[in-house]
Amino acid sequence: MALRPVQVNIKALDSSAVGRFWAEALGWSAYSPGVTTYVGPAGGPVWPDPVAVCIDVVPVPEPKTATKNRVHLDLATTSAAHYAESVARVRALGATPALVGQGDVPWTVLADPEGNEFCVLEPRDIYQGTGPIAAVVVDCEDPRAMARFWGEALDWTLHEVTDDLARLRSAKRNGPYLEFLRTPDVKTVPDRVHLDLLPYPGDDKAAEVARLRTLGATDLDLGQGDVPWTCLTDPEGHEFCVCALP
């Protein structure tokens, strides 16, 4: 039994505009099958995508209030020219520089039109072949503890774990990494960005949720009511959802 990350959930005042931004930033397409805006590879909406971790932009009435999100995306580039072109392109789409205490670094920290931070990375060998999203990065206090929980929760392979960083990726070695980065700040408000997980065909969602609780996940009531997904938090309080198969 295991789960797989299928999408990054981003809350937005204007979900259509934020969805269009991310579609153009990633070279993907935006689809609006219902209330949310789904961003995935071109060619028509596929859910779940067999390789990519896609984006689902959900409309909410509240603006971003946290100084810095505790979950963000790192975008991959393949060359110095691609890096420069990518930064220029997302700036033209409405991204703005963001200061998160990064200092003098070789990558560029930006924010989308509603202030959600992301990084455009300089070319790195480790991220060649991930697609446009190099990694989903989660700030945390204890990467080793996060590696234990998420390594048990997912079928992804642990590639690296230190006191400062834990890195997992699909066992098939495709799509982005999931990384847990040690940071000095602590979580104070609900996450604006979170992961949505999905069981594999034939697996029982209720059993998976029960298994997560034994690993240290906690039920979360956001006023969601009777919905087909289950809201939980990991041992450090990061929200995530377990979705149901269509």
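In every chain, residue numbers begin from 1 and rise along the written sequence. Given that the model is predicted, a residue must reach a pLDDT of at least 70 before its local features are reported, and side-chain atom pairs must reach 80 or more before they are shown or counted; all residues, however, enter totals for whole chains, interfaces and linings. Heavy atoms throughout the structure, all of them, feed into the side-chain values; hydrogens and water do not.

**Student:** How would you explain the sheet that holds strand E8 (residues 117-120) if you had to name every residue and give the values?
**Tutor:** With mixed pairing, 8 strands are arranged side by side in an open sheet as E6-E7-E8-E5-E9-E12-E11-E10. Looking at which strands have only one partner, the edges of the open sheet turn out to be strand E6 (96-97) and strand E10 (157-161). Strands pair, by our definition, only if DSSP identifies at least two bridges between them. Numbering of helices and strands runs from the N terminus; a helix is a DSSP stretch of H or I covering at least four residues, while a strand is a stretch of E covering at least two. Pairing of strand E11 (residues 165-169) with strand E12 (residues 177-182) involves 5 bridges; the strand directions are antiparallel. Residue Ala-166 lies in a different strand from E12, and its bridge partner there is Phe-180. Whether two residues are in contact is decided by their heavy atoms, any of which lying within 4.5 Å being enough. Axes here refer to lines fitted to C-alpha atoms; in helices the fit is confined to the stretch in contact. Angles between the N-to-C directions go from 0 to 180 degrees. Contacting strand E5 (71-75), E8 and strand E9 (133-140), helix H1 (residues 15-26) crosses the sheet at an angle of about 30° to E5. Against the sheet, helix H3 (residues 143-153) engages E9, E10, E11 and E12, with an angle of about 150° to E12.

**Student:** Tell me about the side chain of Glu-239, and please be specific about residues and values.
**Tutor:** Inspection of the secondary structure assignment puts Glu-239 in strand E16 (residues 239-242). Two N or O atoms form a polar contact when they lie within 3.5 Å of each other; inside protein one atom must be a possible hydrogen donor and the other a possible acceptor, and for residues adjacent in sequence the pair counts only when both atoms belong to side chains. There is a polar contact of 3.0 Å between the side chain of Glu-239 and the backbone nitrogen of Asp-191.

**Student:** Would you mind going over the packing of aromatic side chains in detail, with residue names and values included?
**Tutor:** Aromatic rings from Phe, Tyr and Trp, with only the six-membered ring used for Trp, were paired whenever their centres fell within 6.5 Å, and each pair was classed as stacked if the ring planes differed by under 30 degrees, edge-to-face if by over 60, and tilted otherwise. Enumeration over the complete set of coordinates arrives at 8 aromatic pairs. Taken together through their ring pairs, the aromatic side chains of Phe-149, Trp-150, Phe-180 and Phe-240 make up a single cluster. Definition used: whenever NZ (Lys) or CZ (Arg) falls within 6 Å of the ring centre and also within 35 degrees of the ring normal, the charge is taken to sit over that ring. Positioned above the aromatic ring of Tyr-200, the side-chain terminus of Arg-4 is 4.4 Å from the ring centre. Above the face of the Tyr-177 ring, Arg-167 is positioned so that its terminal group lies 5.9 Å from the ring centre.

**Student:** So what's going on with the sheet that holds strand E14 (residues 218-219)? Residues and values would help.
**Tutor:** What the 8 strands build is an open sheet, ordered E2-E3-E4-E1-E13-E16-E15-E14; its pairing is mixed. The outermost strands of the open sheet, each flanked by one partner alone, are strand E2 (29-31) and E14. Where strand E13 (residues 193-199) and E16 come together, 3 bridges link them in parallel fashion. In the sheet register, Asp-196 faces E16, and the bridge partner there is Cys-241.

**Student:** How would you summarise the packing of H1 against helix H2 (residues 80-93) if you had to cite specific residues and measurements?
**Tutor:** Relative to each other, H1 and H2 sit at 160°, their axes nearing to 10 Å. Put simply, H1 runs roughly antiparallel to H2. Handedness of the H1/H2 crossing: right-handed. Contacts between H1 and H2 pair Phe-21, Glu-24 and Ala-25 from the former with Arg-89, Val-90 and Leu-93 from the latter. Under the grouping applied here, Gly and all other residues not named as nonpolar or charged are polar, the nonpolar ones being Ala, Val, Leu, Ile, Met, Phe, Trp, Tyr, Cys and Pro and the charged ones Asp, Glu, Lys and Arg. For the contact of H1 with H2, the residue count by class is 4 nonpolar, no polar and 2 charged. Under this scheme an angle from 65 to 115 degrees is roughly perpendicular, one under 35 degrees roughly parallel, and one over 145 degrees roughly antiparallel; angles in between are oblique. For a crossing to be left-handed, the near helix must be turned anticlockwise from the far one by less than a right angle; the clockwise case is right-handed.

Read these as spatial facts, not as claims about activity.
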